[in-house]
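# A look at the structure
Each chain, letter by letter, is given below.
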Amino acid sequence: METIAPPLEADKNQTDHPNDRLTVDKIVIRFAGDSGDGMQVAGGRFTDASAYFGNDLSTLPSFPAEIRAPAGTLPGVSSFQVQIADYDILTAGDAPDCLVAMNPAALRTNLNDLRPGGTLIVNTEAFDERNLVKAGYKENPLESDLAQVYRLIEIPMDTLTKEAVKDSGVSGRDVLRSKNFFALGLLAWLFNRPLEPTIDWVETKFAKKPSVVAANISALRAGWNFGFTTEAAKTTFEVRPAALRPGTYTNVTGNTALAWGLIAAAQCAKLPLFYGTYPITPASDILHELSMHKNFGVRTFQAEDEIAAIGAVIGAAFAGNLGVTGTSGPGVALKSEALSLALNTELPLILVDVQRAGPSTGMPTKVEQSDLFIAMFGRHGEAPLPVIAIPTPAEAFDLAIEAARIAIKYMTPVILMSDNHVANSSEPWLLPDVESLPDISIPFAVSSNGGGHFLPYERNYETFARPWAVPGTAGLEHRIGGLEKEAVTGNVSYDPDNHQLMTDTRAWKIANIASDIPALEVKADPGAEILVLGWGSTYGAIRATANRLRNRAKPIAIAHLRHLNPFPANLGEVLASYRTVLIPELNNGQLRKLIRAEYLIDAKGLNKVAGEPFKVAEIEAAVLGLMEQAS
Amino acid sequence: MTTPTYTRADFQTDQEVRWCPGCGDYTILAAVQGFMAGMGVPREKIVFVSGIGCSSRFPYYMNTYGMHSIHGRAPAIASGIAATRPDLSVWVVTGDGDALSIGGNHLIHALRRNFNLKILLFNNQIYGLTKGQYSPTSEVGKQTKSTPMGSVDYPFNPISLALGAEASFVARTIDMDRTHTTEILKAAHEHQGTAFIEIYQNCNVFNDKAFVALTGKDERAINRIDLVHGKPITFGPAGERGVIFDDGRAQIVETAAVDSSRILVHDQHRGDPTIAFALSRLSHGPYGPTPLGIFRSVRRPTYETVMSQQLADAQGRRGPGDLAQLISSAGTWQVN
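These figures come from a predicted structure and were not determined experimentally.

### With respect to the sheet that holds strand β15 (residues 413-419) of chain A
Sheet strands pair by backbone hydrogen bonding; their relative direction is either parallel or antiparallel. All names here are of chain A. Spatially, the 7 strands line up as an open sheet ordered β11-β10-β12-β13-β15-β14-β21, and their pairing is mixed. In the strand order of this sheet, the two ends are held by β11 (299-302) and β21 (563-565), each with one partner. Each adjacent strand pair in this sheet contributes to an overall mean axis angle of 20 degrees, direction not counted. Pairing between strand β10 (residues 273-277) and β11: 4 bridges, direction parallel. Bridged to Thr-277 within β11 is Gln-302.

If you want it as structure tokens, here you go:
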């Protein structure tokens, strides 16, 4: 094969390019292969190259719970979908325009999603007898009529990769590990992406392994060359940079933004951060990220179990830290008793719940929003707590600060809900000016509020928070515990009236936070009669639905809850303003039941528990259905 | 800062002590309060954390910082305090049910991590607060409310358990001997790391006289083996019995029957825990000759020291954290 050094920037490659270049406003690409094929890396690199190019984007990684399911099998398929656009997009797209299938199993599990007429790139050499059997194909699908439905590009990727890396110094089985970079190079050509960010990344990432750098870059260029030289496709595509708000951007996943948000929150609160946790998918990356930033004074503690993790956080909170524990649904269940202790002792902490599909172990790498009820009610006794949910990866940063603000201002545990989709998908984030982040610090008690006798349950008049008196403060020695306490003194009390008073006080303290959170914002078209109300990671799909409907001149109103307990003060008023309220959720209607119970309205639900996010088309169809019923 | 001069009364609270009259917890409380008056640590720097059970009422009666937490979790909560506040003196009060049953997991992990924690396990071999069920240290065959035909469970040996869990300080004392208890508390306080103290504690309501082999006037002289660092391990009214290490285990012999060089000389600082473990196996409960004292006291870096060192190293290498730099660290691009 003739080699042509590919230009580093997409824009330069048109001088003598024989192909047509079609400019489109958006494109959805999915890389799919075996867990060991490096699909997450290929997708991530394609995403970063697009970010640097200036597109807006949204990603959807999907991987098996097994680290390495048997190679070539259906459960072993790992994929990464990204949508890039020249405008503000909100989801990773419903259906891919281009699918890369590295083996028969990847083809079988992903082909149904590919848009008819879309581009299908396959590694022909993976379609051997053994792999076909593992994927459950009786006949080779490449020999069927695929090419009539899709733009099929068949490539002997193993041979070409081997050839490309032969002088790099890698050998044996490692040779084929660069295959994902070959595929990435081909896609860079097909979609006019720059190679430079990927080359920079490879050089940094594998700095200690020059042969791997050489192999990956050779494979990347070979993939690009292959497209260019063989005119693998008649048309290449280009997505122009998006008109994003001016500023500095980075591409961030929800877990990373959340970890950074916690570090920021600790700075805003002027407290040291203590993160006590137990490894659990999909929350562990928060621990990994935080453990790298010890120079911020961050203490991370990998406890022996979920209970010990929150136990240590309660201890750290008592001792004057911003205490945070992160987990997923099964861990929330285990932490339930300790959470009630934190609530009863009125100590501030944040419990992060990165939701996954349940119940029990469920589908640990798949998304679901089915922990809302356990967050709201999953404790013994009358035990209300603030609950906040993160709508997008970037917003995790701000809402981590918000959770900390409420926790320390009101001396209460706060549940901060993320989910697998928010945690692992990414989007461009307009970086905030760190100088403008809020001061959320609340001073510790330093002197006695009761003369010679410190009163640990004497409350702040406005917030009903009790004082935070930390060990080491002379004169404020006091004891707290899980037994009911007498108001003001904090002494153990079994008095009936006191228990009523303390229960009511704890509830009122949380309800009162409604006056200290932003009103629910509604984006409404004139004449809209249907409100789509969401929470958490359905944000992108709901907004994209609204955009589509607007383009079709179908008026719609949308609103997205960040605060789920207490609800924003204007929620009742908002709900009353629309004839119909539709609540799409990745559960069987948990928010809908809360709304119905609280506001006595006949809210409609759109519910799905398939381990994957909503497609825009699904919400759109539901809204159109409601519109039709009304007309 | 100079530490104020305290008396025992300075550590008492205004809360009425509500253990049953005659409970062994009273004498332990008095010993702890008395010891703390002379410990040399300001009262505000002391934290008591307990779980659930009779013994776990303890923090309410100590005029220090304290938390009466939930069943079994005190070591975990105390770990969070110790991890973040090396300036504090952190004490855990727990019982045989709290520490060895529901909280067994937290106990063993606290011991191996070696936070600077002092764990006082009040072992009365019964569930008192729930009114008389057998505990993980009750003897096989014990008849209780929940085991009318006798307990089937084989009990833990708390000292063996602690040694197996890599504890750096392991000791046993008994409620009736305040002087001995105070000595052990002092040694535990001076130990840098997790100190595990099993305190035999009589529950005169649900398990009275469980420790009579060590407290009875006649029995005591026969059965109590005092472990004293640097001293040959002998016991009995006239030191007529001793302990040797032979055939891979500690054995009790008549001192007259063996050469005196064969009697074990107690070395609590032995790096290898084998002999300490062997001593813990001399009894599987207070039923015959039973050692009291410090089985093991070895130096190992505390968790919080290493944790703080890592923070200091990271700051030394990379400077104090810069938030603007952090959020730009994955690469940025500019939109104009």
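Resuming the write-up.
### Notes on the sheet that holds strand β1 (residues 46-50) of chain B
With respect to topology, 9 strands assemble into an open sheet ordered β17(A)-β2(B)-β1(B)-β3(B)-β4(B)-β6(B)-β5(B)-β11(B)-β7(B), the strand pairing being mixed. One side of each edge strand has no neighbouring strand; the edge strands of this open sheet are β17 (479-481) of chain A together with β7 (224-227) of chain B. With direction set aside, neighbouring strand axes in the sheet form an average angle of 20 degrees. In this sheet, strand β11 (residues 290-297) of chain B lies alongside strand β5 (residues 169-174) of chain B in antiparallel orientation, the contact comprising 4 bridges. Paired with B:Val170 across the strands is B:Arg296, a residue of β11(B).

### Details of the confidence of the model for chain B
This prediction gives chain B a mean pLDDT of 96; 99% of its residues lie at or above 70. Our summary of model confidence lists the complex with pTM equal to 0.92 and ipTM equal to 0.98.

### Section: the packing of helix α9 (residues 254-269) of chain A against helix α14 (residues 395-410) of chain A
Residue and element names in this part refer to chain A. Where α9 meets α14, the axes come as close as 7 Å, and the angle between the chain directions of the two elements is 40 degrees. Comparing their axes, α14 and α9 come out oblique. Taken as a pair, α9 and α14 cross one another with a handedness that is right-handed. Facing α9, whose interface residues are Gly-254, Ala-257, Leu-258, Trp-260, Gly-261, Leu-262, Ala-264, Ala-265, Cys-268 and Ala-269, α14 presents Ala-396, Phe-397, Ala-400, Ile-401, Ala-404 and Ile-408. For the contact of α9 with α14, a count of residues per class yields 14 nonpolar, 2 polar and no charged.

### Let's talk about the domain arrangement of chain A
Residue and element names in this part refer to chain A. If you check the domain split of chain A, you get domain 1 (20-239), domain 2 (250-436), domain 3 (443-516) and domain 4 (522-630). Between domain 3 and domain 4, the residue contacts involve 4 residues of the former and 4 residues of the latter. Of the roughly 260 Å² buried at the junction of domain 3 and domain 4 (both faces included), carbon and sulfur atoms supply 74%. Three residues, Ile-510, Ile-513 and Ala-514, lead the burial of domain 3 against domain 4; their summed loss comes to 93% of the area buried on that side.

### Topic: unusual backbone geometry
Keep in mind that most residues, glycine aside, have a negative phi and that most peptide bonds are trans. Residues and elements named next belong to chain A. Residues Thr-281 and Pro-282 are joined by a peptide bond in cis, for which omega reads 0 degrees. Mapped onto the fold, Pro-282 is located in the loop between β10 and α10 (284-291). At the junction of Asn-565 and Pro-566, the peptide bond is cis and its omega measures out at -10 degrees in the coordinates. Position of Pro-566 relative to the elements: it lies in the loop between β21 and α18 (571-576). At Glu-346, a position not held by glycine, the phi torsion is positive, near 55 degrees.

### Points about the packing of helix α1 (residues 39-53) of chain A against helix α6 (residues 179-190) of chain A
Residue and element names in this part refer to chain A. Relative to each other, α1 and α6 sit at 30 degrees, their axes nearing to 9 Å. Overall, the two elements α1 and α6 adopt an arrangement that is roughly parallel. Here α1 runs over α6; the crossing is right-handed. Contacts from Met-39, Val-41, Ala-42, Arg-45 and Phe-46 in α1 reach Asn-180, Phe-181, Leu-184 and Leu-187 in α6. Residue composition of the contact of α1 with α6, grouped by class: 7 nonpolar, 1 polar and 1 charged.

### A closer look at the pattern of salt bridges
All names here are of chain A. This model, assessed by the stated rule, comprises 37 salt bridges over all chains. In this structure, the salt-bridge partner of Glu-484 is Arg-506, at a minimum N-O distance of 2.9 Å. With Glu-484 in the loop between β17 and α16 (496-511) and Arg-506 in helix α16, this residue pair connects regions lying 22 residues apart in the sequence. Taking relative accessible area as the criterion, Arg-506 reaches 9% and is therefore assigned buried. Salt bridges linked by common partners bring Asp-94, Arg-548, Arg-552 and Glu-620 together as one network.

### Regarding the interface of chain A and chain B
Counting residues at the interface gives 69 residues for chain A and 59 residues for chain B. With both chains or domains summed, chain A and chain B bury close to 5400 Å², and 62% of this area falls on carbon and sulfur atoms. Inspection of the region where chain A meets chain B yields 1 salt bridge. Across the salt bridge formed by A:Glu304 and B:Arg113, the nearest N and O atoms sit 2.7 Å from each other. Between chain A and chain B we count 34 residue pairs in polar contact (both at pLDDT 80 or more) in total. Sorting elements by how many residues they give to the side of chain A that touches chain B places helix α11 (residues 306-318) of chain A first, with 8 residues.

### Things to note about the environment of B:Ser261
All names here are of chain B. Turning to its location among the elements, Ser-261 is positioned in the loop between β10 (249-254) and α9 (274-280). Overall, Ser-261 belongs to the exposed group, its relative accessible area being 60%. Sequence separation between Ser-261 and Thr-13 is 248 residues; the distance between their C-alpha atoms is 51 Å. In terms of polar contacts, Ser-261 uses its side chain to reach the side chain of Asp-259, at 2.6 Å.

### Structural notes on the pairing of β11(B)
Residues and elements named next belong to chain B. With 8 of 8 residues buried, β11 is to be regarded as a mostly interior element. Here β7 runs beside β11; their pairing, made up of 4 bridges, is parallel. Counterpart to Asp-226 in the pairing with β11 is Leu-292.

### Remarks on the environment of A:Ala164
Residues and elements named next belong to chain A. Positionally, Ala-164 belongs in helix α5 (residues 157-165). For Ala-164, a relative accessible area of 23% corresponds to the partly exposed category. Here the alpha-carbon distance between Ala-164 and Asp-88, two residues 76 residues apart in the chain, equals 38 Å. Excluding anything up to four places from it in sequence, Ala-164 contacts Ser-218, Ala-219 and Ala-222.

### A closer look at the side chain of A:Ser537
Residue and element names in this part refer to chain A. Relative to the assigned elements, Ser-537 resides in the loop between β19 (530-535) and α17 (539-551). Of the polar contacts made by the side chain of Ser-537, one reaches the side chain of Asp-419; its length is 2.5 Å. With residues near it in sequence (within four places) discarded, Ser-537 still touches Val-367, Gln-369, Ile-390, Pro-391, Asp-419, His-421, Val-422 and Leu-586.

### Things to note about the nonpolar core
Membership of the largest hydrophobic core comes to 163 residues, with the highest contact counts inside it found for A:Leu416, A:Leu533, A:Leu591 and B:Leu279. In this structure, A:Leu416 is in contact with A:Leu258, A:Ile350, A:Leu351, A:Val352, A:Asp353, A:Ile388, A:Ile390, A:Leu399, A:Ala400 and A:Ala403, ignoring residues within four places of it in sequence. Core analysis: the next-biggest nonpolar cluster, separate from the first, contains 53 residues, A:Val100, A:Ile153, A:Trp189 and A:Val239 among them.

### Regarding the packing of aromatic side chains
Within the structure shown, the criterion is met by 28 aromatic pairs over all chains. Note on A:Phe191 and A:Phe237: the rings are 5.8 Å apart at their centroids and 25 degrees apart in plane angle, and the pair reads as stacked. Of this pair, A:Phe191 sits in the loop between α6 and α7 (196-205) while A:Phe237 is found in strand β8 (residues 235-239), placing the two residues 46 residues apart along the sequence. Residue classification places A:Phe237 among the buried residues on the basis of a relative accessible area of 14%. Taken together, the aromatic side chains of B:Trp19, B:Tyr26, B:Phe35, B:Phe48, B:Phe58, B:Tyr61, B:Trp91 and B:Phe122 make up a single cluster linked through ring pairs. Positioned above the aromatic ring of A:Tyr137 is the side chain of A:Arg108, whose terminal nitrogen or guanidinium carbon lies 5.1 Å from the ring centre. The residue whose ring lies beneath A:Arg466 is A:Tyr457, and the NZ or CZ to ring-centre distance is 4.9 Å.

### With respect to the confidence of the model for chain A
Low pLDDT marks regions whose predicted coordinates should not be analysed in detail. Scored by pLDDT, chain A comes out at a mean of 94, with 97% of its residues at no less than 70. Counted against residues more than four places away or in other chains, residues 1-16 of chain A, with its pLDDT under 50, gives 31 contacts.

### Re the environment of A:Phe80
Residues and elements named next belong to chain A. Here Phe-80 lies in strand β4 (residues 77-85). Judged by its relative accessible area of 7%, Phe-80 is buried. Residues Phe-80 and Phe-31, 49 residues apart in the sequence, show an inter-C-alpha distance of 5.3 Å. Beyond its immediate chain neighbours, meaning those up to four positions away, Phe-80 contacts Ile-29, Arg-30, Phe-31, Met-39, Gln-40, Gly-43, Gly-44, Thr-47, Thr-59, Leu-60 and Pro-61.

Criteria and thresholds
Residues numbered from 1 in each chain as written. Chains lettered and ligands numbered in written order. Predicted model: local features only at pLDDT ≥ 70, side-chain atom pairs only at ≥ 80, totals over all residues. Heavy atoms only, no water. Pairing = 2+ DSSP bridges. Helix = DSSP H or I, 4+ residues; strand = E, 2+ residues; numbered from the N terminus. Axes fitted to C-alpha atoms, helices over the stretch in contact; angles between N-to-C directions. pLDDT = per-residue confidence, 0-100. Parallel < 35°, antiparallel > 145°, perpendicular 65-115°, else oblique. Left-handed = near helix turned anticlockwise from the far one by under 90°. Contact = heavy atoms within 4.5 Å. Nonpolar A, V, L, I, M, F, W, Y, C, P; charged D, E, K, R; others polar. Domains from an automatic or database assignment. Buried area = accessible area lost by both parts, 1.4 Å probe. Salt bridge = Lys/Arg side-chain N within 4 Å of Asp/Glu carboxyl O. Buried < 20%, exposed > 50% of the residue type's maximum accessible area, 1.4 Å probe, protein only. Polar contact = N/O pair within 3.5 Å; in protein donor to acceptor, adjacent residues only side chain to side chain. Core = buried A, V, L, I, M, F, W, Y, C linked by side-chain atoms within 4.5 Å. Phe/Tyr/Trp six-rings, centres within 6.5 Å; stacked < 30°, edge-to-face > 60°. Lys NZ or Arg CZ within 6 Å of the ring centre and 35° of its normal.

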